[in-house]
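# Inside the fold
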Amino acid sequence: MDKDIVRNYIEILKYELVPALGCTEPIAIAYAAAKAREVLGEMPTSMELCCSGNIIKNVKAVTVPNSGGLKGIEVAGVLGVIGGDANRGLEVLESVTKEQIEEAKKLIANGYCTCSLKEEVENLYISANVVSKEHSAEVTIVNRHTLITKIVKDGQVLLENSIHEEANERFDKSKLNVKDILEFADTVSIEEIKPILEPQVEMNTAISKEGLKKVYGAQVGRTLLSTYGSDVCTRARAAAAAGSDARMSGCSLPVVINSGSGNQGMTVSLPVIEYAKELQVGEEKMYRALAVSNLISIHQKKYIGSLSAYCGAVSAACGSGAGITYLYGGTYEQVCKTITNTIANVGGIVCDGAKPSCAAKIASSVEAAILAHNMSMNSCCFQAGEGIVGEDVENTIKNVGYIGRVGMKKTDVEILNIMIDKTSV
């Protein structure tokens, strides 16, 4: 395989598969707030957060990690200011103490932090403005959870970056395609990908076990196992759902994300891990299947975008379905059919924010991906012209990307209106 393609795909995996503590949207707010205080150089007397609708949607109902069970935008921002360490990136709140949580509660009750909706901006937009008696600082994040695009102190611009990920010269996502992804997985040196994928296996498995062991959220993972038994299909769904049960309800264990999302990171990995154990294929084959799963999901998200009304559990489960087909020795054609069958089935699930029900959407999406896999291994596939199914797998992926990025814009607005009580429905 072309060495440039191999290096490109490795860099994509390195960039996308990073550890994060808690749901990435509140963590991104905490990161912006912590960085703003760092720039200010002292404890601010007040803070204002301006966020896009998608950020508000994904933070409103999710428990902020290391917050003692607290939820919401103000909680994430104030904890970031009080106890956040911006140098830790998406693990910014890892060192928050009980005393700082109590201090945050008091500040929030006294109106220390305000939040407003910023319209006509990118779907992922956060601006943290902090003020002290004599100074002010502003940190803006756009398009990616840790991509700081602007830093201002006392009215002076200290940093201003492009919002476009394409400006990153380390890799080029436009070169992703299913055929090359499979060739990459077949031929790449295992020593090149194991160090990237091993933390995903370890961290995501740990939080999944935590979600199955203890009561979190609506207990989707535990319900699956207690109701449907312990066959590999059920275990695969339960493993991913249980990780989300724990993560959406404030579990402090980190996960390795995919496409900026912990839920997507767990969905692309945990079902593949369960099937690898069931099939006893060995560690190397599992890592190669995880490379397929992660890259197929990233390939779809490059068209959809970081945040939209399209549920990321679907694109992630589509990746894990492809990874499972790969574990079974599936051909290129069979992997393509798995992807197509998944998209044709559950491509319409909407994202109405990060919250406990994400675990159920993950379970449903993984079930659809496993059905898609079984269909593909039996030479069954939905055909071109049937709904959004294109002439080939790449066109089908583009079609669903267009729906998520463009077609569901109005849906996204109306979901937000419902969530913030701006509708008469």
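The rules we used
Residues numbered from 1 in each chain as written. Predicted model: local features only at pLDDT ≥ 70, side-chain atom pairs only at ≥ 80, totals over all residues. Heavy atoms only, no water. Helix = DSSP H or I, 4+ residues; strand = E, 2+ residues; numbered from the N terminus. Rg over C-alpha atoms; globule rule 2.2 N^0.38 Å. Buried < 20%, exposed > 50% of the residue type's maximum accessible area, 1.4 Å probe, protein only. Contact = heavy atoms within 4.5 Å. Areas by Shrake-Rupley, 256 points an atom, 1.4 Å probe, with all protein chains shown as cover. Lys, Arg positive; Asp, Glu negative; His and termini not counted. Charge placed at Lys NZ, Arg CZ, Asp CG, Glu CD. Salt bridge = Lys/Arg side-chain N within 4 Å of Asp/Glu carboxyl O. Pairing = 2+ DSSP bridges. Axes fitted to C-alpha atoms, helices over the stretch in contact; angles between N-to-C directions. Expected span 1.5 Å × (residues − 1). Polar contact = N/O pair within 3.5 Å; in protein donor to acceptor, adjacent residues only side chain to side chain. 1 Å grid on protein atoms, 1.4 Å probe; cavity = no way out; pocket = protein on both sides within 12 Å on 5 of 7 lines; lining within 4 Å. Points joined across faces, edges and corners; volume = space filled by probe spheres on them. Nonpolar A, V, L, I, M, F, W, Y, C, P; charged D, E, K, R; others polar. Parallel < 35°, antiparallel > 145°, perpendicular 65-115°, else oblique. Left-handed = near helix turned anticlockwise from the far one by under 90°.

Before going further, it helps to spend a moment on the overall build of the chain. Broken down by element type, the chain carries 16 helices and 8 strands. Against the compact-globule benchmark of 22 Å for 425 residues, the chain has a radius of gyration of 21 Å, which places it among compact chains. Taken along its principal axes, the extent of the C-alpha atoms in the chain is 70 × 50 × 45 Å. When each of the 425 residues of the chain is scored for burial, the buried share is 57%. Considering only residue pairs separated by 6 or more positions, the chain has 75% of its internal contacts joining residues 24 or more positions apart. Accessible surface computed for the chain: about 17000 Å², of which carbon and sulfur atoms make up 48%. Charge centroids of the chain, computed over 42 positive and 50 negative side chains, lie 3 Å from each other.

The next thing to look at is the pattern of salt bridges. With the rule as written, the count across this model stands at 20 salt bridges. In this structure, E102 and K105 form a salt bridge, with 3.3 Å as the shortest nitrogen-oxygen distance. A residue pair is termed a helical-turn pair when its members lie 3 or 4 positions apart in one helix, as E102 and K105 do in helix α5 (residues 98–109) at 3 residues. For E102, a relative accessible area of 40% gives the class partly exposed. Among the residues examined, K105 registers a relative accessible area of 37% and is labelled partly exposed. A salt bridge links E274 to R235; the nearest nitrogen and oxygen atoms lie 3.1 Å apart. Of the two residues, E274 is situated in helix α10 (residues 262–279) and R235 in helix α9 (residues 232–248); the sequence distance between them amounts to 39 residues. Each of the salt bridges in this network shares a partner with another, and the network as a whole consists of R7, E11, K14, R170 and E192.

Looking at the element boundaries, D180 is found in helix α6 (residues 178–187). Leave out the neighbours within four places in its chain, and D180 touches M1, I5, Y9 and K175.

This part is about the sheet that holds strand β4 (residues 125–131). Each strand in a sheet pairs with its neighbour through backbone hydrogen bonds, running either in the same direction (parallel) or in the opposite one (antiparallel). Spatial strand order, β3-β2-β4-β5-β6-β7: 6 strands in an open sheet with mixed pairing. One side of each edge strand has no neighbouring strand; the edge strands of this open sheet are β3 (113–117) and β7 (156–160). Taken over all neighbouring pairs, the strand axes of this sheet differ in orientation by 15° on average, direction set aside. Relative to strand β6 (residues 148–153), strand β5 (residues 136–142) is paired through 5 bridges, and the arrangement is antiparallel. Paired with T140 across the two strands is K150, which belongs to β6. This element, helix α4 (residues 73–83), spans β2 (46–51), β3 and β4 of the sheet and lies at about 130° to β2.

Let us look at helix α1 (residues 3–16). Helix length check: α1 (14 residues) gives 20 Å between terminal C-alpha atoms against 20 Å at 1.5 Å per residue, within 8%. By the burial criterion, the buried members of α1 are V6, N8, Y9, I10, E11, I12, L13, Y15 and E16. Looking at where α1 begins, the residue whose side-chain oxygen comes 2.8 Å from the main-chain nitrogen of D4 is D2.

Turning our eyes to something else, we now look at empty space enclosed by the protein. Tallied over the full model, the rule gives 1 cavity of 30 Å³ or more. By volume, the largest cavity amounts to about 320 Å³. Around the largest cavity sit 29 residues that line it, and S261, N263, Q264, G312 and C351 are the ones nearest its centre. The set of elements that each furnish at least two residues to the lining of the largest cavity consists of α2 (24–40), α9, α10, α12 (312–327) and α14 (358–377). Classifying every residue of the lining of the largest cavity by side-chain character gives 10 nonpolar, 13 polar and 6 charged.

Here the focus is the side chain of K301. Residue position: K301 is located in helix α11 (residues 283–304). Within the buried core, K301 has no salt-bridge partner, and the shortest N-O distance to an opposite charge, that of E25, equals 8.8 Å.

A word on the layout of surface pockets. Roughly 180 Å³ of internal volume is contained in the second largest pocket. Lining the second largest pocket are 14 residues, and of these T340, C381, F382, E391 and D392 lie nearest its centre. Taken together, the elements giving at least two residues each to the lining of the second largest pocket come down to α13 (332–346) and α15 (393–407). Sorting elements by how many residues they give to the lining of the second largest pocket places α13 first, with 4 residues.

The next thing to look at is the packing of α13 against α15. Between two packed helices, what matters for the description is the angle formed by their axes and the separation of those axes. Direction vectors running N to C along α13 and α15 enclose 25°, while the axes themselves pass 10 Å from each other. It follows from the interaxial angle that α13 and α15 lie roughly parallel. In the packing of α13 onto α15, the handedness of the crossing is left-handed. Listed contacts from α15 to Y332, C336, I339, T340 and I343 of α13 are V393, T396, I397 and V400. For the contact of α13 with α15, a count of residues per class yields 7 nonpolar, 2 polar and no charged.

Attention now goes to the pairing of β4. For a regular strand, side chains alternate in direction, first toward one face of the sheet and then toward the other. Burial of β4 is extensive: 6 of the 7 residues sit out of reach of the surface. Bridging between β2 and β4 involves 6 bridges; their strand directions are antiparallel. Within β4, the position partnered with E48 by the bridge is N129. Two strands pair when backbone bridges link them, and β4 and β5 are joined in this way by 7 bridges, in the antiparallel orientation. Pairing of I126 across the sheet is with I141, part of β5. Hairpin connection, β4 to β5: the antiparallel pair is bridged by 4 residues.

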